[in-house]
Amino acid sequence: MSERLFHAIEGGQVVVRKKPGTYLQADLYRRKRQLYAKVGSGFVRLYADGGTSMPGISYDPEDINLEDTDFTVMKEGLHWAVIPPTAVAAE
């Protein structure tokens with residue numbers, strides 16, 4: 001599995017807000033250890049402070065839903081680190 005590509009986090013979702021106030025439910029993806037939301041035909045990186053890589057799109061970190069997945073996330077500075085289930089099991 002190439003870490004340079006985007007990989008779906010099955011069951012992972014987040015609610016994102018596009019200006020001027022449209023809310024969308026988006027699927028979560030990972031690329032390397034970074035967390036992304038699928039928005040339209042592309043991906044938006046999610047920052048730990050609620051910001052994203054795309055001006056005009058934000059989210060509430062409390063709205064990240066990983067309950068139905070084996071993945072966890074943790075803050076690493078301004079970013080999220082996605083921890084796959086195999087890494088958690090090894091600890």
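Residues numbered from 1 in each chain as written. Predicted model: local features only at pLDDT ≥ 70, side-chain atom pairs only at ≥ 80, totals over all residues. Heavy atoms only, no water.

**What to know about the sheet that holds strand 4 (residues 42–45)**
Sheet strands associate in pairs through backbone hydrogen bonding, adopting either a parallel or an antiparallel arrangement.
Argument step 1. Read across the open sheet, the 5 strands follow the order 4-3-2-1-5; overall the sheet is antiparallel. A single partner strand is all that each edge strand has here, and the edge strands are strand 4 and strand 5 (57–59). Neighbour-to-neighbour, the strand axes of this sheet turn through a mean angle of 50°, independent of strand direction.
Argument step 2. Where strand 3 (residues 34–39) and strand 4 come together, 4 bridges link them in antiparallel fashion. In the strand pairing of strand 4, Y36 is matched with R45. (Pairing = 2+ DSSP bridges. Helix = DSSP H or I, 4+ residues; strand = E, 2+ residues; numbered from the N terminus. Axes fitted to C-alpha atoms, helices over the stretch in contact; angles between N-to-C directions.)

**Examining the packing of aromatic side chains**
Argument step 1. For the coordinates displayed, the defined rule picks out 3 aromatic pairs.
Argument step 2. On the basis of an interplanar angle of 10° and a centroid distance of 3.9 Å, the ring pair of F6 and F43 is categorised as stacked. One end of the pair, F6, is in the segment before strand 1 (7–18); the other, F43, is in strand 4, with 37 residues separating them in the sequence.
Argument step 3. Judged by relative accessible area, F6 falls into the partly exposed class, the value being 32%.
Argument step 4. An aromatic cluster of at least three residues, connected via ring pairs, comprises F6, Y29, Y36 and F43.
Argument step 5. A cation over an aromatic ring shows up here: R31 above the ring of F6, its NZ or CZ 5.8 Å from the ring centre.
Argument step 6. When the ring centre of F43 is taken as origin, the NZ or CZ atom of K38, which lies over that ring, is 4.8 Å away. (Phe/Tyr/Trp six-rings, centres within 6.5 Å; stacked < 30°, edge-to-face > 60°. Buried < 20%, exposed > 50% of the residue type's maximum accessible area, 1.4 Å probe, protein only. Lys NZ or Arg CZ within 6 Å of the ring centre and 35° of its normal.)

**Digging into the pairing of strand 2 (residues 22–31)**
Argument step 1. Where strand 1 lies against strand 2, 8 bridges are found, and the strand directions are antiparallel. Bridging from a neighbouring strand, V16 pairs with L24 of strand 2.
Argument step 2. What sits between the antiparallel neighbours strand 1 and strand 2 is a turn of 3 residues, in which G21 has the positive phi angle 130°.
Argument step 3. Of the pairings in the sheet, the one linking strand 2 to strand 3 comprises 4 bridges and is antiparallel in character. Among the inter-strand pairings, L28 is bridged to a residue of strand 3, identified as A37.
Argument step 4. Linking strand 2 to strand 3, which pair antiparallel, is a turn of 2 residues; within it K32 sits at a positive phi near 60°.

**Section: the pattern of salt bridges**
Argument step 1. As enumerated under the stated definition, the model contains 1 salt bridge in all.
Argument step 2. Across the pair E76 and R33 runs a salt bridge whose closest N-O atoms are separated by 2.6 Å. Taken together, the positions of E76 in strand 6 (residues 72–76) and R33 in the loop between strand 2 and strand 3 put the pair 43 residues apart, joining distant regions of the chain.
Argument step 3. Owing to a relative accessible area of 40%, E76 belongs among the partly exposed residues under this scheme. (Salt bridge = Lys/Arg side-chain N within 4 Å of Asp/Glu carboxyl O.)

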